[in-house]
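Each chain is listed here by its residues.
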Amino acid sequence: SLYQATASAPVNIACIKYWGKRDTKLILPTNSSLSVTLDQDHLRSTTTSRADPSFSEDKLWLNGKLDEIKPGGRLWTCISEMKRMRKEVEDQKPNEPKLSAMHVHICSHNNFPTAAGLASSASGFAALVSSLAALYKLPASPSTLSLIARQGSGSACRSLFGGFVAWEMGSSPDGSDSLAVEVAPRDHWPEIHALICVVSDDKKGTSSTSGMQRTVETSALLQHRIKHVVPERMRAISAAIKEKNFDAFARITMQDSNQFHAVALDTDPPIFYMNDVSRAIIALVTEYNRVSVEAGGKLKAAYTYDAGPNAVIYTPQENVKEIVDMVVKYFPQAQPFKDPFGLFKGAGVQGGVVEGFNTAVAKQFEVGAVKTLIHTRVGDGPRVLGEE
Ligand code: DP6
């Protein structure tokens, strides 16, 4: 007998950052967060799950390498929760094969290398949960599946939807209301593109999991952030998305990235995720926006940084060419990794400086290189690719 299903899931990058847990076992956050799902045509995790009565244990391969499923660990929890939901289906429909009693073999891979500098845990856990949901034919909504993905990695719960996604922190101690909801689908605002500037693919440094725990234990600024800043920002950015107000969306996104890194600095001992190149890109985007605003226009780009030095720049499609030209002019070493719209060819050779750009700003760019550029855009949610 062969029971098998394959699903793929996207990466997401937060505009309002998740940073802090109120329950480390269930992965319940200290604040709500909101992200943009990136296009899985370009960046994705793909996972195949198989159940068979002959399997003697659960096994998982990640990019071809056997991974350990530690009892009580995050992978184990996700697989156990999915089997529990399958058991409920079997109890309702006695003719269904008893897949919940079989072991599973799970094979997962990312179509982006670590050199892409992107965390793969969000797309990875979302693909795992989606493939098991397809294998088990669960009638579960994306929000229900997000409750399980959340227990693999907090940010993974947001990869169960496409478009613009909120993770509502919830208040129940059992975590039943800490889930992802769609703010707007991709097709509401498909013009939102993302340019990822990979500064370093180094996985060293403080992990999100341990870093945020230390912040919860030591930062007074985090308490201010979760009580007095994030709730209002969640409302404001959701409204900006619904109105397709890029100026407001960009302002809030940059403010929240900056506050997240301030909270990391406020941790004891302090945590530094951005480096000089990250700060140079902030200066570049700031100058680019200043020129637009002083000419009576609006913000044209927003930077955001996760727990590392790599920049993600959100911008409406019409500005991407101009921004690529600018980044490549000042960081000519940057190599394309994904260029689905063919904008990198000849970039920065001429032009690269918008009218009115203060080139003195460029002094601070002489600090290092951008290694890789990835151009992508807002995308859809997990896809089931095959069931048999
Ligand atoms: C800075 O989801 O990786 O990217 O829940 O411990 O697995 P765990 O942490 P993780 O943290 C992500 C932190 C962030 C912000 C965000 O994605 O919202």
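Residues numbered from 1 in each chain as written. Predicted model: local features only at pLDDT ≥ 70, side-chain atom pairs only at ≥ 80, totals over all residues.

If you trace the backbone, Val 353 turns up in the loop between strand 15 (335-338) and strand 16 (372-377). The exposure class of Val 353 is partly exposed, given the 19 C-beta atoms found within 10 Å. Separated by 112 residues in the primary sequence, Val 353 and Ile 241 have C-alpha atoms spaced 29 Å apart. Setting aside anything within four residues of it in sequence, one finds Val 353 in contact with Met 326, Lys 329 and Thr 359. (Helix = DSSP H or I, 4+ residues; strand = E, 2+ residues; numbered from the N terminus. Buried ≥ 20, exposed ≤ 12 C-beta atoms within 10 Å, placed from the backbone. Contact = placed C-beta atoms within 7 Å.)

Strand order across the open sheet formed by 6 strands is 8-7-9-6-1-17, with mixed pairing between neighbours. In the strand order of this sheet, the two ends are held by strand 8 (65-67) and strand 17 (383-387), each with one partner. Adjacent strand axes in the sheet meet at a mean angle of 20°, parallel and antiparallel pairs treated alike. Two strands pair when backbone bridges link them, and strand 1 (residues 3-10) and strand 6 (residues 44-52) are joined in this way by 8 bridges, in the antiparallel orientation. Paired with Tyr 3 across the bridge in strand 6 is Ala 51. Along the sheet, helix 2 (residues 121-135) makes contact with strand 1, strand 6, strand 9 (103-110) and strand 17, crossing strand 1 at roughly 145°. (Pairing = 2+ DSSP bridges. Axes fitted to C-alpha atoms, helices over the stretch in contact; angles between N-to-C directions.)

What follows concerns the sheet that holds strand 16. Read from one edge of the open sheet, 5 strands run 13-14-12-16-15, paired in mixed fashion. The two strands at the open ends of the sheet, each matched to only one other strand, are strand 13 (302-305) and strand 15. In this sheet, neighbouring strand axes are inclined to one another by 25° on average, regardless of whether the strands run parallel or antiparallel. Of the pairings in the sheet, the one linking strand 13 to strand 14 (residues 311-316) comprises 4 bridges and is antiparallel in character. If you follow Tyr 303 over to strand 14, its bridge partner there is Ile 313. The sheet strands contacting helix 6 (residues 246-265) are strand 13 and strand 14, and the helix crosses strand 13 at an angle near 30°. Packing against the sheet, helix 7 (residues 276-294) makes contact with strand 12 (192-198), strand 13 and strand 14, and its axis sits at approximately 165° to strand 13.

Another aspect to go through is the packing of helix 5 (residues 220-243) against helix 6. Contact pair helix 5 / helix 6: the axes reach a minimum separation of 10 Å and the direction vectors enclose 160°. As summarised for this structure, helix 5 and helix 6 are arranged roughly antiparallel, according to the angle between their axes. Relative to helix 6, helix 5 is oriented so that their crossing is left-handed. Here Leu 221, Leu 222, Arg 225, Val 229, Arg 233, Ala 236, Ile 237, Ala 240 and Ile 241 of helix 5 come into contact with helix 6, specifically with Ala 248, Phe 249, Ile 252, Asp 256, Gln 259, Ala 262 and Val 263. Its residues placed into classes, the contact of helix 5 with helix 6 shows 12 nonpolar, 1 polar and 3 charged. (Parallel < 35°, antiparallel > 145°, perpendicular 65-115°, else oblique. Left-handed = near helix turned anticlockwise from the far one by under 90°. Nonpolar A, V, L, I, M, F, W, Y, C, P; charged D, E, K, R; others polar.)

Turning next to the environment of Gly 72. Of note, Gly 72 is situated in the loop between strand 8 and helix 1 (74-92). Along the primary structure Gly 72 and Arg 251 are separated by 179 residues, whereas in three dimensions their C-alpha atoms are 41 Å apart.

Let us now look at the pairing of strand 7 (residues 59-62). Examined bridge by bridge, strand 7 and strand 9 share 4 bridges and lie parallel to one another. Bridge pairing links Lys 59 to His 105 in strand 9. The hairpin formed by strand 7 and strand 8 contains 2 residues between the paired strands, and Asn 63 there has a positive phi angle of roughly 50°.

Among the 15 residues in the neighbourhood of the ligand, the closest are listed as Ala 14, Tyr 18, Ser 153, Gly 154 and Ser 155. Along the lines of polarity and charge, the residues of the shell around the ligand split into 6 nonpolar, 7 polar and 2 charged. (Near = placed C-beta within 6 Å.)

Here, the residues flagged by UniProt with the feature "domain: Diphosphomevalonate decarboxylase-like N-terminal" (unreviewed entry) are residues 9-180. Counting secondary structure, residues 9-180 comes out at 24% helix and 28% strand; the distance between its end C-alpha atoms is 15 Å. (UniProt positions renumbered as here; feature names shortened; annotations may be inferred.)

Turning next to unusual backbone geometry. Cis rather than trans, the peptide bond between Asp 268 and Pro 269 has omega equal to -10°. When you line up the elements, Pro 269 lands in the loop between helix 6 and helix 7. If you check the backbone angles, Lys 137 has positive phi at about 50° while not being a glycine. In this fold, Lys 137 is placed in the loop between helix 2 and helix 3 (142-149).

The N-to-C vectors of helix 2 and helix 3 enclose an angle of 125°; their axes lie 9 Å apart at closest approach. It follows from the interaxial angle that helix 2 and helix 3 lie oblique. As helix 2 packs across helix 3, the resulting crossing turns out to be right-handed. For the pair formed by helix 2 and helix 3, the contact residues are Phe 125, Ala 126, Val 129, Ser 130 and Ala 133 on the first element and Leu 145, Ile 148 and Ala 149 on the second. Partitioned by chemical class, the residues of the contact of helix 2 with helix 3 number 7 nonpolar, 1 polar and no charged.

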